[in-house]
Amino acid sequence: KDFPAMKEPMKSLGLLHIAIGSLPTGYRRLLRIVGFSGTVSEGLAELRTAQHPDALTQVDAAICQALLDGMWNNSRGGAVPLIDSLAVAWPESPLVAYARAHVLNGNRRARDVAQLLEPLVYNRREGEAQVTYASYYLAEAYFKLNRFADAERALRTFLAEQQGDILIASARYRLGLVLELQGQRGEAM
């Protein structure tokens, strides 16, 4: 705040204020005693400041704002147009595509989600990093579209690539459900 020309710190400050403003009142009072305060609206305003065209944080601040708006505000704050504009400006970015798929999924646009995630899952270029959980969310989109064979393929891809325990039980359950819906009860068991 002492250097208003510097927009980059506003992203971190905005996320901090959003986190503090999201806490229950008792915790906010305790933090105020030790010198920390902030509100969600103050944090969102700081994220918008961090999106200044000259700021290095322009894209990631916009992604943060779109994701937060999509999760907490049902995208009433403009998450979809914001993330769509990022997709136009950064069409090759897997991070923008993944964030856009997440926002669109929350807005019940499974067809768009599938179109965004298919290249991230099945058409990765040599040396390109895997976007974690993309195949799981692709399977979810296919399931919503009644494309069960495609959901099966995406779930099998997820289970083959995923390292660790996160979403494994859910993926196995969904795989069994998809197989059952395709009439493959024996394999589902």
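Please refer to the structure placed before this passage.
Residues numbered from 1 in each chain as written. Predicted model: local features only at pLDDT ≥ 70, side-chain atom pairs only at ≥ 80, totals over all residues. Heavy atoms only, no water.

Visitor: I would appreciate a short explanation of the nonpolar core in the present structure.
Guide: Here is a general trend for soluble globular proteins: nonpolar side chains tend to be buried in one another's company. Core analysis: the biggest nonpolar cluster contains 40 residues, and Ile63, Ile83, Leu86, Leu117, Leu138 and Leu155 have the highest contact counts within it. Elements with a minimum of two residues in this core: helix H4 (58-72), helix H5 (79-89), helix H6 (94-106), helix H7 (110-122), helix H8 (134-144), helix H9 (148-161) and helix H10 (168-181). Considering every element that reaches this core, the biggest residue donor is H7, with seven residues. Setting aside chain neighbours within four positions, we find Leu155 in contact with Tyr136, Ala139, Ala171, Arg174, Leu175 and Val178. Of all hydrophobic cores here, the second largest spans seven residues; its members include Met10, Leu47, Ala61 and Cys64. (Core = buried A, V, L, I, M, F, W, Y, C linked by side-chain atoms within 4.5 Å. Buried < 20%, exposed > 50% of the residue type's maximum accessible area, 1.4 Å probe, protein only. Helix = DSSP H or I, 4+ residues; strand = E, 2+ residues; numbered from the N terminus. Contact = heavy atoms within 4.5 Å.)

Visitor: How should I be thinking about H4 in this particular structure?
Guide: Structurally, the α-helix is built with 3.6 residues per turn, so residues lying three or four positions apart point the same way. With 15 residues, H4 ought to run about 21 Å at 1.5 Å a step, and its terminal C-alpha atoms sit 21 Å apart, in line with that. For H4, the full list of buried residues reads Val59, Ala61, Ala62, Ile63, Cys64, Gln65, Ala66, Leu68 and Asp69. Where H4 is buried, its residues touch helix H1 (9-21), helix H3 (40-50), H5 and H6. (Expected span 1.5 Å × (residues − 1).)

Visitor: Help me understand the packing of H1 against H3, please; the structure alone is not making it clear to me.
Guide: The geometry of a pair of packed helices is captured by two quantities: the angle between their axes and the separation between those axes. At a minimum axis distance of 7 Å, the contact between H1 and H3 shows a crossing angle of 165°. The angle between H1 and H3 falls in the class roughly antiparallel. For the element pair H1 and H3, the recorded crossing hand is left-handed. From H1, Met10, Lys11, Leu13, Gly14, Leu15, His17, Ile18 and Gly21 reach across to H3, where they touch Val40, Glu42, Gly43, Leu44, Glu46, Leu47, Thr49 and Ala50. Across the contact of H1 with H3, the residue classes tally to eight nonpolar, five polar and three charged. (Axes fitted to C-alpha atoms, helices over the stretch in contact; angles between N-to-C directions. Parallel < 35°, antiparallel > 145°, perpendicular 65-115°, else oblique. Left-handed = near helix turned anticlockwise from the far one by under 90°. Nonpolar A, V, L, I, M, F, W, Y, C, P; charged D, E, K, R; others polar.)

Visitor: Honestly, unusual backbone geometry in this entry has me stumped. Any pointers?
Guide: Note: most residues except glycine have negative phi, and most peptide bonds are trans. You will see that Asn146, though not glycine, has its phi angle at about 60°, which is positive. You can see Asn146 is positioned in the loop between H8 and H9. At Leu167, a residue that is not glycine, the phi angle is positive and equals roughly 65°. Note on placement: Leu167 falls in the loop between H9 and H10.

Visitor: Before we go on, may I ask you to explain the pattern of salt bridges in this structure?
Guide: Any two side chains of opposite charge can pair, so long as their charged atoms come close to each other. Under the definition given, this model contains seven salt bridges. Note that Arg174 and Glu140 form a salt bridge whose closest N and O atoms lie 3.7 Å from each other. With Arg174 in helix H10 and Glu140 in helix H8, this pair connects stretches of sequence that are 34 residues apart. Under the relative-accessibility criterion, Arg174 is labelled partly exposed at 28%. Judged by its relative accessible area of 15%, Glu140 is buried. (Salt bridge = Lys/Arg side-chain N within 4 Å of Asp/Glu carboxyl O.)

Visitor: Explanation requested: a nonpolar patch on the surface in the structure shown.
Guide: On the surface, a nonpolar cluster with roughly 520 Å² of combined accessible area is contributed by Leu16, Leu30, Ile33, Val34 and Phe36. Locating Val34 in the fold gives a position in the loop between helix H2 (25-33) and H3. (Patch = residues over 30% accessible without salt bridge, like charges linked within 9 Å, V, L, I, M, F, W, Y side chains within 5 Å. Areas by Shrake-Rupley, 256 points an atom, 1.4 Å probe, with all protein chains shown as cover.)

Visitor: It is not clear to me how the packing of H9 against H10 should be interpreted in this structure. Could you clarify?
Guide: Where H9 meets H10, the axes come as close as 9 Å, and the angle between the chain directions of the two elements is 150°. By the angle between their directions, the pair H9 and H10 is classed as roughly antiparallel. Pair H9 / H10 crosses with left-handed handedness. Residues Phe148, Ala151, Glu152, Leu155, Arg156, Phe158 and Leu159 of H9 pack against Ile168, Ala171, Arg172, Arg174, Leu175, Val178, Leu179 and Leu181 of H10.

Visitor: For this particular structure, what's the right way to read the packing of aromatic side chains?
Guide: Here a ring pair, both rings aromatic, is described through the centre-centre distance and the interplanar angle of the planes. The final tally for this structure, using the stated rule, is five aromatic pairs. Taking the centre distance of 5.4 Å and the plane angle of 85° together, the rings of Tyr136 and Tyr137 count as edge-to-face. Looking at Tyr137, the relative accessible area reads 26%, which means it is partly exposed. One Lys or Arg, Arg153, reaches over the ring of Tyr122 and ends 3.6 Å from the middle of that ring. (Phe/Tyr/Trp six-rings, centres within 6.5 Å; stacked < 30°, edge-to-face > 60°. Lys NZ or Arg CZ within 6 Å of the ring centre and 35° of its normal.)

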